[in-house]
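Geometric and topological summary
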Amino acid sequence: MSFDPHPPIHQPPLEVAPETFLIRSAQPAFGAPLSVNLNSLVIRGAEPVIVDTGTVANRDHWLDDVFSLVDATDVRWIVISHDDDDHTGNLAEAMERCPDATLVVNWAATERMGASFGLPPGRLRWLDHGESLDVGDRVLRALRPPVYDSPTTRGIFDPTTRVYWASDAFATPMPGAPVDAVDELPAPMWAEGFALFHHHALAPWLALVDETRYAAEVANLRALRAEVIVAAHTPVIRGGSVAQAIDHLAALPSTVPPPHPDQQALTAILANTVPA
Ligand SMILES: [Fe+2]
Ligand SMILES: [Fe+2]
(Lines give C-alpha, C1' and ligand atoms only; values in the text may rest on other atoms or scores of the structure.)
(Ligands and ions follow the chains in the order given, each with its own letter.)
Protein backbone atom coordinates (compact mmCIF):
# COMPACT_ATOMS: atom_id res chain seq x y z
CA MET A 1 0.00 0.00 0.00
CA SER A 2 1.28 3.48 -0.72
CA PHE A 3 -0.04 6.95 -0.06
CA ASP A 4 0.74 9.86 -2.30
CA PRO A 5 1.80 12.98 -0.44
CA HIS A 6 -0.18 16.15 -1.01
CA PRO A 7 1.44 17.80 -4.04
CA PRO A 8 3.51 20.69 -2.78
CA ILE A 9 2.76 24.24 -3.85
CA HIS A 10 5.60 25.53 -5.98
CA GLN A 11 7.12 28.89 -5.17
CA PRO A 12 9.82 30.09 -7.56
CA PRO A 13 13.35 30.67 -6.22
CA LEU A 14 13.75 33.93 -4.36
CA GLU A 15 17.01 35.90 -4.36
CA VAL A 16 17.42 36.87 -0.70
CA ALA A 17 20.89 38.44 -1.07
CA PRO A 18 23.37 38.78 -3.93
CA GLU A 19 23.81 35.36 -5.59
CA THR A 20 21.93 33.72 -2.73
CA PHE A 21 18.67 31.99 -3.60
CA LEU A 22 15.99 30.38 -1.48
CA ILE A 23 14.62 27.25 -3.19
CA ARG A 24 11.02 26.99 -2.06
CA SER A 25 7.98 24.82 -1.89
CA ALA A 26 5.04 24.79 0.48
CA GLN A 27 3.22 21.79 1.82
CA PRO A 28 -0.53 22.20 2.35
CA ALA A 29 -1.34 21.53 6.01
CA PHE A 30 -3.39 18.48 6.90
CA GLY A 31 -6.95 19.50 7.63
CA ALA A 32 -6.30 23.22 8.01
CA PRO A 33 -6.19 26.15 5.58
CA LEU A 34 -2.48 26.54 6.18
CA SER A 35 0.77 25.69 4.45
CA VAL A 36 4.35 25.13 5.54
CA ASN A 37 7.53 25.97 3.68
CA LEU A 38 10.01 23.26 2.74
CA ASN A 39 12.99 25.32 1.62
CA SER A 40 16.65 24.94 0.81
CA LEU A 41 19.37 27.35 -0.33
CA VAL A 42 21.80 27.95 -3.19
CA ILE A 43 24.84 30.21 -2.76
CA ARG A 44 26.19 30.94 -6.23
CA GLY A 45 29.70 32.00 -5.29
CA ALA A 46 33.07 31.06 -6.71
CA GLU A 47 32.48 27.51 -5.45
CA PRO A 48 28.69 27.09 -5.61
CA VAL A 49 27.03 25.65 -2.51
CA ILE A 50 23.70 23.87 -2.09
CA VAL A 51 22.36 23.86 1.47
CA ASP A 52 19.85 21.04 2.05
CA THR A 53 18.10 19.20 -0.73
CA GLY A 54 14.33 19.49 -0.32
CA THR A 55 11.78 16.71 -0.36
CA VAL A 56 11.00 13.71 -2.51
CA ALA A 57 7.49 15.10 -3.11
CA ASN A 58 9.00 18.23 -4.67
CA ARG A 59 11.79 16.47 -6.57
CA ASP A 60 11.05 17.65 -10.11
CA HIS A 61 10.64 21.31 -9.15
CA TRP A 62 13.61 21.17 -6.79
CA LEU A 63 15.95 19.81 -9.44
CA ASP A 64 14.63 22.25 -12.06
CA ASP A 65 14.94 25.24 -9.72
CA VAL A 66 18.42 24.45 -8.39
CA PHE A 67 19.94 23.58 -11.74
CA SER A 68 18.36 26.56 -13.46
CA LEU A 69 20.50 28.67 -11.14
CA VAL A 70 23.73 26.74 -11.16
CA ASP A 71 25.30 24.24 -13.50
CA ALA A 72 25.49 20.88 -11.77
CA THR A 73 29.10 20.39 -12.80
CA ASP A 74 30.02 23.69 -11.09
CA VAL A 75 28.59 22.76 -7.68
CA ARG A 76 31.45 22.19 -5.21
CA TRP A 77 29.63 21.77 -1.89
CA ILE A 78 26.38 20.16 -0.76
CA VAL A 79 25.79 21.03 2.88
CA ILE A 80 23.21 19.01 4.81
CA SER A 81 22.07 20.94 7.88
CA HIS A 82 20.72 17.77 9.52
CA ASP A 83 19.57 14.31 8.63
CA ASP A 84 15.78 14.65 8.42
CA ASP A 85 14.11 13.52 5.21
CA ASP A 86 12.75 16.98 4.38
CA HIS A 87 16.38 18.12 4.12
CA THR A 88 17.83 15.08 2.38
CA GLY A 89 15.01 14.24 -0.04
CA ASN A 90 17.07 14.80 -3.18
CA LEU A 91 20.55 14.26 -1.79
CA ALA A 92 21.33 11.13 -3.79
CA GLU A 93 20.16 12.82 -7.01
CA ALA A 94 22.17 15.95 -6.25
CA MET A 95 25.33 13.98 -5.50
CA GLU A 96 24.93 12.05 -8.73
CA ARG A 97 24.35 15.17 -10.84
CA CYS A 98 27.16 17.12 -9.19
CA PRO A 99 30.22 14.90 -9.61
CA ASP A 100 32.63 17.48 -8.17
CA ALA A 101 30.56 18.25 -5.07
CA THR A 102 31.78 17.40 -1.59
CA LEU A 103 29.09 16.41 0.92
CA VAL A 104 29.36 18.50 4.08
CA VAL A 105 27.92 16.70 7.09
CA ASN A 106 29.38 15.61 10.45
CA TRP A 107 30.15 12.39 12.29
CA ALA A 108 26.67 11.98 13.75
CA ALA A 109 24.97 12.68 10.42
CA THR A 110 27.22 10.16 8.70
CA GLU A 111 26.27 7.52 11.25
CA ARG A 112 22.55 8.34 11.20
CA MET A 113 22.30 8.61 7.42
CA GLY A 114 24.40 5.56 6.71
CA ALA A 115 21.47 3.17 6.75
CA SER A 116 19.59 5.16 4.11
CA PHE A 117 22.35 6.50 1.88
CA GLY A 118 25.52 5.04 0.47
CA LEU A 119 27.61 8.03 1.51
CA PRO A 120 30.80 8.12 -0.57
CA PRO A 121 33.67 8.30 1.97
CA GLY A 122 35.99 10.08 -0.46
CA ARG A 123 33.48 12.89 -0.98
CA LEU A 124 32.77 13.64 2.68
CA ARG A 125 33.75 16.72 4.69
CA TRP A 126 32.82 16.90 8.37
CA LEU A 127 31.89 20.34 9.68
CA ASP A 128 30.92 20.85 13.30
CA HIS A 129 29.31 23.66 15.24
CA GLY A 130 31.74 26.57 15.49
CA GLU A 131 33.87 25.50 12.53
CA SER A 132 34.40 27.22 9.16
CA LEU A 133 34.20 26.13 5.54
CA ASP A 134 36.24 28.01 2.93
CA VAL A 135 34.26 28.04 -0.31
CA GLY A 136 36.63 30.16 -2.40
CA ASP A 137 35.26 33.68 -2.21
CA ARG A 138 33.83 33.43 1.32
CA VAL A 139 34.25 31.46 4.53
CA LEU A 140 30.98 30.01 5.78
CA ARG A 141 30.53 29.46 9.52
CA ALA A 142 28.62 26.54 10.99
CA LEU A 143 26.54 27.69 13.93
CA ARG A 144 23.89 25.51 15.52
CA PRO A 145 20.63 27.39 16.12
CA PRO A 146 19.27 27.38 19.68
CA VAL A 147 16.36 25.13 18.64
CA TYR A 148 16.62 21.95 16.57
CA ASP A 149 15.22 18.45 16.26
CA SER A 150 18.38 16.50 15.47
CA PRO A 151 21.79 16.40 17.20
CA THR A 152 23.39 16.68 13.75
CA THR A 153 22.01 20.20 13.21
CA ARG A 154 24.22 23.06 12.10
CA GLY A 155 23.09 26.41 10.73
CA ILE A 156 25.22 28.17 8.12
CA PHE A 157 26.22 31.84 8.26
CA ASP A 158 27.62 33.66 5.24
CA PRO A 159 29.50 36.74 6.54
CA THR A 160 29.68 38.29 3.05
CA THR A 161 25.89 38.62 2.75
CA ARG A 162 25.01 38.26 6.46
CA VAL A 163 22.51 35.54 5.52
CA TYR A 164 21.98 32.84 8.15
CA TRP A 165 20.48 29.46 7.23
CA ALA A 166 18.78 28.32 10.44
CA SER A 167 17.87 24.75 9.44
CA ASP A 168 14.55 23.98 11.25
CA ALA A 169 14.61 26.95 13.63
CA PHE A 170 12.14 29.81 13.09
CA ALA A 171 9.58 27.32 11.71
CA THR A 172 6.11 28.77 11.38
CA PRO A 173 2.95 28.06 9.35
CA MET A 174 1.69 30.30 6.54
CA PRO A 175 -1.82 30.84 5.18
CA GLY A 176 -2.99 28.30 2.60
CA ALA A 177 -1.71 30.66 -0.09
CA PRO A 178 2.04 30.89 0.71
CA VAL A 179 3.74 34.21 1.31
CA ASP A 180 7.29 35.35 0.59
CA ALA A 181 8.20 37.00 3.88
CA VAL A 182 7.14 36.82 7.52
CA ASP A 183 6.17 40.50 7.28
CA GLU A 184 3.12 39.31 5.33
CA LEU A 185 1.87 37.16 8.22
CA PRO A 186 -0.61 38.71 10.66
CA ALA A 187 1.41 39.30 13.86
CA PRO A 188 -0.74 37.04 16.10
CA MET A 189 -0.60 34.24 13.51
CA TRP A 190 3.20 34.44 13.44
CA ALA A 191 3.52 34.43 17.24
CA GLU A 192 1.08 31.56 17.80
CA GLY A 193 2.23 29.48 14.84
CA PHE A 194 5.87 29.96 15.88
CA ALA A 195 5.15 28.72 19.43
CA LEU A 196 3.00 25.84 18.18
CA PHE A 197 5.62 24.57 15.76
CA HIS A 198 8.63 24.95 18.04
CA HIS A 199 7.04 23.33 21.09
CA HIS A 200 5.00 20.62 19.40
CA ALA A 201 6.76 19.81 16.13
CA LEU A 202 10.42 20.66 16.71
CA ALA A 203 11.66 20.80 20.27
CA PRO A 204 9.30 19.53 23.00
CA TRP A 205 12.27 19.85 25.38
CA LEU A 206 11.98 23.67 25.26
CA ALA A 207 9.89 23.61 28.43
CA LEU A 208 12.76 21.78 30.19
CA VAL A 209 15.69 24.03 29.29
CA ASP A 210 17.81 26.04 31.69
CA GLU A 211 16.61 29.50 30.70
CA THR A 212 19.94 31.21 31.40
CA ARG A 213 21.88 28.81 29.21
CA TYR A 214 19.22 28.97 26.52
CA ALA A 215 19.34 32.77 26.61
CA ALA A 216 23.11 32.62 26.06
CA GLU A 217 22.56 30.55 22.90
CA VAL A 218 20.02 33.08 21.64
CA ALA A 219 22.43 35.93 22.46
CA ASN A 220 25.13 34.22 20.36
CA LEU A 221 22.71 34.08 17.46
CA ARG A 222 21.71 37.72 17.90
CA ALA A 223 25.40 38.70 17.99
CA LEU A 224 25.81 37.40 14.45
CA ARG A 225 23.91 40.50 13.31
CA ALA A 226 22.34 38.51 10.49
CA GLU A 227 20.54 40.73 8.02
CA VAL A 228 18.50 37.91 6.53
CA ILE A 229 17.40 34.71 8.25
CA VAL A 230 16.24 31.91 6.00
CA ALA A 231 15.32 28.39 6.99
CA ALA A 232 13.47 25.33 5.83
CA HIS A 233 10.09 26.08 7.34
CA THR A 234 9.60 29.82 7.35
CA PRO A 235 9.08 32.61 4.84
CA VAL A 236 12.05 34.97 4.59
CA ILE A 237 12.94 36.96 7.70
CA ARG A 238 14.66 40.28 7.02
CA GLY A 239 14.78 43.92 8.03
CA GLY A 240 12.98 44.67 11.28
CA SER A 241 11.57 41.15 11.37
CA VAL A 242 15.00 39.70 12.21
CA ALA A 243 14.95 41.19 15.72
CA GLN A 244 11.30 40.21 16.16
CA ALA A 245 12.01 36.63 15.09
CA ILE A 246 14.91 36.35 17.55
CA ASP A 247 12.65 37.80 20.27
CA HIS A 248 10.11 35.06 19.50
CA LEU A 249 12.88 32.50 19.73
CA ALA A 250 14.16 33.95 23.02
CA ALA A 251 10.69 33.77 24.58
CA LEU A 252 10.01 30.13 23.71
CA PRO A 253 10.93 28.46 27.03
CA SER A 254 8.33 30.52 28.88
CA THR A 255 5.79 30.73 26.04
CA VAL A 256 2.69 28.58 26.46
CA PRO A 257 1.91 27.24 22.98
CA PRO A 258 -1.58 26.69 21.65
CA PRO A 259 -2.61 23.02 21.93
CA HIS A 260 -1.77 20.83 18.97
CA PRO A 261 -4.55 18.98 17.10
CA ASP A 262 -5.49 15.68 18.78
CA GLN A 263 -7.54 12.58 17.88
CA GLN A 264 -10.78 14.55 18.21
CA ALA A 265 -9.45 16.99 15.64
CA LEU A 266 -8.43 14.12 13.36
CA THR A 267 -11.90 12.62 13.61
CA ALA A 268 -13.41 15.98 12.64
CA ILE A 269 -10.99 16.38 9.74
CA LEU A 270 -11.74 12.91 8.42
CA ALA A 271 -15.48 13.47 8.75
CA ASN A 272 -15.11 16.55 6.56
CA THR A 273 -12.70 15.22 4.01
CA VAL A 274 -13.02 11.44 3.62
CA PRO A 275 -16.15 10.08 1.93
CA ALA A 276 -17.99 7.48 4.09
FE1 LIG B 1 14.26 18.46 11.31
FE1 LIG C 1 12.86 20.29 8.63
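Look up a bit, the structure's there.
We now turn to the structure provided with this report. (Residues numbered from 1 in each chain as written. Chains lettered and ligands numbered in written order. Predicted model: local features only at pLDDT ≥ 70, side-chain atom pairs only at ≥ 80, totals over all residues. Heavy atoms only, no water.)

Here's the deal with the pairing of strand E7 (residues 102-105)
Relative to E7, strand E6 (residues 77-79) is paired through three bridges, and the arrangement is parallel. Looking across to E7, one finds that Trp 77 is bridged to Thr 102. Taken together, the three bridges between E7 and strand E8 (residues 124-126) define a ladder with parallel strand orientation. Paired with Leu 103 across the two strands is Leu 124, which belongs to E8. (Pairing = 2+ DSSP bridges. Helix = DSSP H or I, 4+ residues; strand = E, 2+ residues; numbered from the N terminus.)

Quick look at the coordination of the iron ion (ligand 1)
Note on the iron ion (ligand 1): its protein donors are His 82 (NE2), Asp 84 (OD), Asp 149 (OD), Asp 149 (OD) and Asp 168 (OD). The metal-donor distances range over 2.0 to 2.4 Å. Counting along the primary sequence, the residues that act as donors to the iron ion (ligand 1) give the motif H-x1-D-x64-D-x18-D. Between the two metal centres, the iron ion (ligand 1) and the iron ion (ligand 2), the spacing is 3.5 Å, with Asp 168 acting as a shared donor. In this structure His 82 comes out as buried when scored by relative accessible area, which is 1%. (Donors = N, O, S within 2.8 Å, 3.2 Å for Na, K, Ca; no water. Buried < 20%, exposed > 50% of the residue type's maximum accessible area, 1.4 Å probe, protein only.)

Some details on the side chain of Asn 37
Residue placement: Asn 37 occurs in strand E3 (residues 34-37). Polar contacts involving the side chain of Asn 37 include one to the main-chain carbonyl oxygen of Ser 25, which spans 3.2 Å. Other than its neighbours up to four places away in sequence, Asn 37 contacts Gln 11, Ser 25, Ala 26, Met 174, Ala 232, His 233, Thr 234 and Pro 235. (Polar contact = N/O pair within 3.5 Å; in protein donor to acceptor, adjacent residues only side chain to side chain. Contact = heavy atoms within 4.5 Å.)

Looking at the packing of helix H4 (residues 187-202) against helix H6 (residues 241-251)
At a minimum axis separation of 10 Å, H4 and H6 run at an interaxial angle of 45 degrees. Here H6 runs oblique to H4, going by the angle between their axes. In the crossing of H4 with H6, the sense of the turn from one axis to the other is right-handed. For the pair formed by H4 and H6, the contact residues are Trp 190, Ala 191, Phe 194 and His 198 on the first element and Ser 241, Gln 244, Ala 245, His 248 and Leu 249 on the second. Residues belonging to the contact of H4 with H6 are distributed by class as follows: five nonpolar, four polar and no charged. (Axes fitted to C-alpha atoms, helices over the stretch in contact; angles between N-to-C directions. Parallel < 35°, antiparallel > 145°, perpendicular 65-115°, else oblique. Left-handed = near helix turned anticlockwise from the far one by under 90°. Nonpolar A, V, L, I, M, F, W, Y, C, P; charged D, E, K, R; others polar.)

Description of the packing of aromatic side chains
In this structure the tally under the stated criterion is four aromatic pairs. Arranged with centres 6.5 Å apart and planes meeting at 85 degrees, the rings of Trp 62 and Phe 67 form a pair that is edge-to-face. Taken individually, Trp 62 and Phe 67 each receive the classification buried, so the pair is uniform in this respect. Between Phe 170 and Phe 194 the ring centres are 6.2 Å apart and the planes differ by 70 degrees, which places this aromatic pair in the edge-to-face class. Within this pair, whereas Phe 170 is found in the loop between strand E12 (163-165) and strand E13 (174-175), its partner Phe 194 is found in helix H4, the two being separated by 24 residues in sequence. Judged on exposure class, the residue Phe 170 and its partner Phe 194 are both buried. Ring pairing ties together the aromatic residues Phe 170, Trp 190 and Phe 194, which thus form one cluster. (Phe/Tyr/Trp six-rings, centres within 6.5 Å; stacked < 30°, edge-to-face > 60°.)

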